[in-house]
Structures are given as C-alpha cells and as structure tokens.
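This is what each chain is made of:
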Amino acid sequence: MTQRRFTEINATYRPPAPGELNKRAQFRTREDVPGNGHMGVDTVYHNKFDTWAKLSAIGDSVRIGSVQIDVAITHRIVIRYRTGVTTDDEVVINKMVYRVKGTTNLNEASRFLVITAEELGAVEVIGEGH
C-alpha cells in the first residue's frame, strides 16, 4: 500500500465560470433594537453592500444532515471574495431572505467566498397587506 501525499487528500472545488455570478444580492447585518414608543423591537440593518452572486439549493442529504445538528442549511451562495461576512448577516436575492450560517474561502485562494445559508422567506414589506 502506498502512502498518500497530503495534496491528494485535500479537495479542490471548481470556481464559478464566467456568467455564473448572475443574481444580484444585498448583504446586510440585522440588529433588533427596542421599539420606538411601543412594545416590541424594531429591526435596523447595517453594513449593507450589493454584489453579484451564484445561488444554488443544496442536496437533500446535506439538508437532512444539517437539520439533525440543529443548523438548517438550504442554499449555497458564491460571491467574489471579501472579508467581514459573518453569521450575523442576511442576504436578499430575488426578494427572498437567507441567513448566513457559515463561510468558506474557496480553495483558500481568496478569489471566491462560499456561503452556506438558510432560506427564511420572502422580504417583509412594511404596510403591505395591512
């Protein structure tokens, strides 16, 4: 039996091809603050930025495994690499909100950032339907 070299054990993942970052994404940090003059809380968003992203639903086996450890992961989002994206952030793509569950520097190359996220639902529009 031959011994494997370290480079053979590490996985290399394909970066997105040109044109795959085709969804407009808004990142924002959500903060709930005491309500202004009423009971409850108000939501304030900080650190907003827009970028192009690739959005893909994850497979059932990953989704089921994530639920078993109490971390619902429903989608994977890929953007150009940047620092400062944390689990305090939300992403809005096509009027759907996703909560960031984790980030990975794709192939440690600092070119793309892979984000695991949980779909929360449609963007809430104040005053609509009331």
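Residues numbered from 1 in each chain as written. Predicted model: local features only at pLDDT ≥ 70, side-chain atom pairs only at ≥ 80, totals over all residues. Heavy atoms only, no water.

K.L.:
What should I look at first to understand the side chain of Thr 51 in this one?
P.N.:
Assignment of secondary structure puts Thr 51 in strand β2 (residues 41–57). In this structure Thr 51 touches Lys 23, Arg 24, Ala 25, Phe 27 and Ile 79, once residues within four positions along its chain are discounted. (Helix = DSSP H or I, 4+ residues; strand = E, 2+ residues; numbered from the N terminus. Contact = heavy atoms within 4.5 Å.)

K.L.:
Looking at this structure, I do not really get the pattern of salt bridges. What am I missing?
P.N.:
A side chain of one charge can pair with a side chain of the opposite charge when the charged atoms of the two come close. In total, this model carries 6 salt bridges according to the counting rule given. Residues Arg 30 and Asp 32 are paired through a salt bridge, measuring 3.3 Å at the closest nitrogen-oxygen approach. Residue class for Asp 32 comes out partly exposed when judged on its relative accessible area of 44%. Connected via shared salt-bridge partners are Arg 28, Arg 30, Asp 32 and Glu 90. (Salt bridge = Lys/Arg side-chain N within 4 Å of Asp/Glu carboxyl O. Buried < 20%, exposed > 50% of the residue type's maximum accessible area, 1.4 Å probe, protein only.)

K.L.:
Would you explain the sheet that holds strand β5 (residues 96–105) in this entry?
P.N.:
Strand order in the closed barrel formed by 6 strands is β1-β2-β3-β6-β5-β4, with antiparallel pairing between adjacent strands. Averaged over all adjacent pairs, the angle separating strand axes in this sheet is 45°, with direction ignored. Pairing analysis gives 5 bridges linking β2 to strand β3 (residues 75–80), with the strands arranged antiparallel. Looking at β3, one finds that Leu 55 is bridged to Ile 77. (Pairing = 2+ DSSP bridges. Axes fitted to C-alpha atoms, helices over the stretch in contact; angles between N-to-C directions.)

K.L.:
Would you take a moment to explain the packing of aromatic side chains for this structure?
P.N.:
How two aromatic rings sit relative to each other is given by the distance of their centres and the angle of their planes. Applying the stated rule across the entire model yields 1 aromatic pair. Sitting over the ring of Tyr 45, Arg 28 keeps its end group 3.9 Å from the ring centre. Cation over ring: Arg 82 sits above Phe 49, and NZ or CZ is 3.5 Å from the ring centre. (Phe/Tyr/Trp six-rings, centres within 6.5 Å; stacked < 30°, edge-to-face > 60°. Lys NZ or Arg CZ within 6 Å of the ring centre and 35° of its normal.)

K.L.:
Looking at this structure, how should I read the environment of Ser 110?
P.N.:
Note that Ser 110 resides in the loop between β5 and β6 (112–122). Of the residues examined, Ser 110 reaches a relative accessible area of 43% and is grouped as partly exposed. With 28 residues separating them in the primary sequence, Ser 110 and Arg 82 have C-alpha atoms 7.8 Å apart.

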